[in-house]
Amino acid sequence: MARGLKAGIIGTVFIGMVGVAGYGAYNIYSGLDGGGSGSAPATTTVRDDSPLTAKDVTHTAADFLAAWSSGDDQAAAKLTDSVQTATAALEEFKAKGSISKVTATATPSDNATDATSAAGPAGMTVSYTVRATISYESLAPQIWTYGSTLTVGRNTVGDPAVKWTPSVMEPDLKEGQSVVTGLVTAPQLDLVDRHGETMTAEQYPGLTDVFADLRKRYADAHLGGSPGIETYVAADDGSAVKTLYVVKPGKNAQLKTTLDAGIQTAAENAVKKYGQSGVTALDTSTGKILAMAANPPGGTNYALSLQPPGSTFKIVTATALMLAPPSAEYRHGISPTVKSQCYNGYAAAGGKKYENVTRDKPDATFSWDFANSCNTGFIRLSKYLDSGTLTKVGRDYFGLAGDSRPWYTGTGTTDGSIPGGTGDEMTSEMIGQGQVLMNTLNMASVAATVRSGQFQQPSILQDKDLIENRQTIHATALPGSVRQNLMSMMHTTAVSGTARGLLTGVASPYGAKTGSAEENKDDLPTGWFTAYSGHVAAAAMVVQGDHGNKSAGPIVADILRAAS
């Protein structure tokens, strides 16, 4: 640099500083110039980066808390390392939070008292308690008490200062958020059972996804209640993040479900015993859903996921066969007492062979085939059904129409389907395999229809008018003789068939049907079980649970006993 230019710069600095302090300016001039043999010693400002003493920390924290408590936000902010940001934040805290007074007191046990100890490079933390007076509109002032912490370090010039962060004001507060006192946007929504008992997903984890769906579907429904006044953390868009203090409690809205907390508890405990399992229970007189549980909770809802229902579907098939017109062989139609031999490996004309889980019985009756789940006893009767018979019977008598006529129960359900077909597809559908798909809600409804004699459209809400798109599904009542035959065969199944011994202790009348469905030869089949007892019907499914009497059966039995 040219000497003349350097002299000009020094001269400018000197002139600017003279008005402030002539002697200080002279020293700066001498330092810049390099000085001479007779010049005064040069002085410079050096930032203090030495470790803070505990006394520094204690005094700085105490001064900040005292200033904040006195209501002097600017004085408090000047004791931080970000004066402008802290000033604005402290003022906003009072304004938006309706905070009329703050009393912040350091926690004695956490204060640094040894003046010889030093804080580390990151500073030293001090804990304190805040008593904030909330004065919201005309309400009586209320005291909100909470604990928080601050850290003392050094500011840009090296002086001890509070390291500013929003959590200094409230520990849950983050950048971009604020503390607000006001009316919450909407009343909380309680889900209550049919007796008025509040139910939560924490209490009943098997309903986790169902409860989430109900809250989402009916959040804006007019269900009574009133919003409360709260002090809460608000995001930058104004939405509530977390409630900090309830100034005036609101009255929660109530969504009245048809669930029964006692039966639901039994369902929760029952499905916990098995891996991938689900169950649904219904009131047979009304179709109201009394319980629904899936395990594991929060994942696939095995109460509502569609699977081939195995031999539980033989209830529908048996109905179709008993409704078939008389034939030369069965001049009075097919009834429980007609003969239909049970032989392993039987195949309908031109079709594949089917296997049984029970022994061969040449003199088997239709009732025996049903009770002991003989596949070939049913397949032998396939010639009396047309390709669309199962689909029609399922739709007309059991309300099973799939997507063409959904049930709209009040929560998200996918209804089962009976596509129908010819040849091997039809014979497979007869025993609940092939393309037939059902869930536990569908099969519980099938058992409930047998018990009541008339399909009752399921619902999980007491007020069906709340259900969007809900249309009443009308189905044909089961003929009296068909209903009595089905009840007789299901009772025989429970007493001496594949479900024997499982339904001890349940209410009368009762009946059951077991099932299993293979998806992969290398895996155990999915176990199914559906039954009714008194005025409750239930169905369960356990993926790879083996035969239904080993897995799904005990689940249903526990629920029916709880409902008895």
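Calculation criteria
Residues numbered from 1 in each chain as written. Predicted model: local features only at pLDDT ≥ 70, side-chain atom pairs only at ≥ 80, totals over all residues. Heavy atoms only, no water. pLDDT = per-residue confidence, 0-100. Contact = heavy atoms within 4.5 Å. Core = buried A, V, L, I, M, F, W, Y, C linked by side-chain atoms within 4.5 Å. Buried < 20%, exposed > 50% of the residue type's maximum accessible area, 1.4 Å probe, protein only. Helix = DSSP H or I, 4+ residues; strand = E, 2+ residues; numbered from the N terminus. Pairing = 2+ DSSP bridges. Axes fitted to C-alpha atoms, helices over the stretch in contact; angles between N-to-C directions. Parallel < 35°, antiparallel > 145°, perpendicular 65-115°, else oblique. Left-handed = near helix turned anticlockwise from the far one by under 90°. Nonpolar A, V, L, I, M, F, W, Y, C, P; charged D, E, K, R; others polar.

Caption draft 1: Representation of the confidence of the model for the protein within the structure. Within the protein, residue pLDDT values average 89, and 89% of them lie at 70 or more. Across residues 1-42, where pLDDT falls below 50, the model places 21 contacts with residues more than four positions away in sequence or in other chains. Scored below 50 in pLDDT, residues 110-118 makes 20 contacts in the model with residues more than four places away or belonging to other chains.

Caption draft 2: Main features of the nonpolar core. If you look at the biggest cluster of nonpolar residues, it comprises 72 residues, and the most contacted ones within it are Leu-214, Phe-366, Phe-398 and Leu-486. Considering every element that reaches this core, the biggest residue donor is helix α13 (residues 440-452), with 7 residues. Core analysis: the second largest hydrophobic core is formed by 37 residues, Phe-64, Ala-132, Tyr-136 and Val-152 among them.

Caption draft 3: How the structure looks around the pairing of strand β6 (residues 189-192). Neither face of β6 is exposed, since Leu-189 and Leu-191 on one face and Asp-190 and Val-192 on the opposite face are all buried. With 4 bridges joining them, β6 and strand β10 (residues 253-256) adopt parallel strand pairing. Note on β10: the bridge partner recorded for Leu-191 is Leu-255. For β6 and strand β7 (residues 198-199), the ladder comprises 2 bridges, and the chain directions are antiparallel. Each residue of the ladder has a partner; that of Leu-191, found in β7, is Met-199.

Caption draft 4: View of the packing of helix α8 (residues 314-323) against helix α14 (residues 480-496). At their nearest, the axes of α8 and α14 sit 10 Å apart, and the two run at 140° to each other. Looking at the two axes, α8 sits oblique to α14. For α8 against α14, the interelement crossing comes out right-handed. Residue-level contacts link Ile-315, Ala-318, Thr-319, Met-322 and Leu-323 of α8 to Val-482, Asn-485, Leu-486, Met-489 and Met-490 of α14. The residue makeup of the contact of α8 with α14, split by class, is 8 nonpolar, 2 polar and no charged.

Caption draft 5: The arrangement of the sheet that holds strand β13 (residues 510-517) in detail. On the basis of which strands lie adjacent, the open sheet formed by 5 strands has the order β12-β11-β15-β14-β13 and antiparallel pairing. Of all the strands in the sheet, the pair left with one neighbour each is β12 (289-295) and β13. Shown here is a sheet whose adjacent strand axes are inclined to one another by a mean of 5°, direction ignored. In terms of strand pairing, strand β14 (residues 526-533) meets strand β15 (residues 536-542) through 7 bridges, oriented antiparallel.

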